[in-house]
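Coordinate inspection notes
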Amino acid sequence: MLTTFLILLILAIAALVFAASRQPDEFRVTRTIVINATAEEVYPHISDLRKGNEWSPWTKLDPDMKLTYEGAPAGVGAVQKWDGNRQVGKGILTITDLVPNELVRLRLEFLKPMHGVNTVEYMLIPHSDGTMMSWTMYGPNTMIGKIMGIFMNCDKMCGDMFERGLINLRAIIESGQRFV
């Protein structure tokens, strides 16, 4: 009986590792929205780490989250550190590249609940109705990430949060509302 259980356990683990190994080595999550405003009007909201808290859905997950900043609030090298509950964890967000009114690139380092480093990009593209903004996160898909991907849909989970954030940002810029 114990031997049968061990054989089945080994087979289940082997199947899990095999399925995980077939997952992509990188992941990418992107959502877009059109904002009825110029890129010049949108850019200050995405290039200033403190202003990002006005529209980010993650700040609503833990109102008691501790936020600290290093350097200027905007510009390459600006840093935001957070330490919060289980939903938001602990990490560091650093602006690494800026192209005024076009691109903000950030290094997103998760420290808790598990370590990981990803890239986040906000892109602004002229659109007939204003500005199309995309929010993208990408990075390596580690073995742990591949295993988790078998059981949960990271694109949907992160993508839903990106969509909420983009809707919040559009509401702030277009009409002054906060957090839809």
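A brief report on the enclosed structure follows. Note that this is a predicted model, so its numbers are computed, not measured. (Residues numbered from 1 in each chain as written. Predicted model: local features only at pLDDT ≥ 70, side-chain atom pairs only at ≥ 80, totals over all residues. Heavy atoms only, no water.)

**Thoughts on the pattern of salt bridges**
Rules: A side-chain nitrogen of Lys or Arg and a carboxyl oxygen of Asp or Glu constitute a salt bridge if their distance falls within 4 Å. Type-normalised accessible area, obtained with a 1.4 Å probe on protein chains alone, sets the label of each residue: buried when under 20%, exposed when over 50%, and partly exposed for intermediate values.
Tallying each qualifying case throughout the model produces five salt bridges. In this structure, the salt-bridge partner of Arg105 is Asp97, at a minimum N-O distance of 3.1 Å. With a relative accessible area of 33%, Asp97 lands in the partly exposed category. One salt bridge connects Glu109 with Arg107, and the closest N-O pair in it is separated by 2.9 Å. Using a relative accessible area of 14% as the deciding quantity, one classes Glu109 as buried. Each of Asp97, Arg105 and Glu121 takes part in a single network of salt bridges with overlapping partners.

**Here's the deal with a nonpolar patch on the surface**
Put simply, the test is: Only residues above 30% relative accessible area that lack a salt bridge enter a patch, with like-charged residues linked at up to 9 Å and the nonpolar side chains Val, Leu, Ile, Met, Phe, Trp and Tyr linked at up to 5 Å. Per-residue accessibility takes into account occlusion by the displayed protein chains alone, with areas from the Shrake-Rupley method and a 1.4 Å probe. Counting from the N terminus, the helices are the DSSP runs of H or I reaching at least four residues and the strands are the DSSP runs of E reaching at least two.
Where nonpolar side chains cluster on the molecular surface, the patch consists of Leu2, Phe5 and Leu6 and spans about 320 Å² of accessible area. Among the structural elements, Leu6 can be located in helix H1 (residues 2–21).

**Notes on unusual backbone geometry**
Of note, the amide linkage connecting Lys112 to Pro113 takes the cis form, showing an omega dihedral of 5°. For Pro113, the location among the structural elements is in the loop between strand S5 (103–112) and strand S6 (116–127). One non-glycine residue, Asn101, lies in the positive phi region at around 65°. Given a relative accessible area of 24%, Asn101 falls into the partly exposed group.

**Observations regarding the nonpolar core**
Where we set the bar: What is meant by a nonpolar core is a set of buried Ala, Val, Leu, Ile, Met, Phe, Trp, Tyr and Cys residues, joined one to another through side-chain atoms within 4.5 Å. Only heavy atoms matter for contacts: two residues are in contact if any of them lie within 4.5 Å across the pair.
Of all hydrophobic cores here, the largest spans 32 residues; its most connected members are Ile46, Tyr122 and Met133. Elements that contribute at least two residues to this core include exactly strand S1 (26–35), helix H2 (39–47), helix H3 (49–55), strand S4 (90–99), S5, S6, strand S7 (130–140) and helix H6 (154–175). The element best represented in this core is H6, accounting for six residues. With residues near it in sequence (within four places) discarded, Met133 still touches Arg31, Thr32, Ile33, Ile35, Val42, Ile46, Trp55, Tyr122, Met123, Leu124, Leu166 and Leu169.

**As for the environment of Met137**
By the element assignment, Met137 lies in strand S7. Placed 107 residues apart in sequence, Met137 and Thr30 show a C-alpha to C-alpha distance of 6.6 Å. In this structure, Met137 is in contact with Phe27, Arg28, Val29, Leu108, Asn118, Thr119, Val120, Cys158 and Phe162, ignoring residues within four places of it in sequence.

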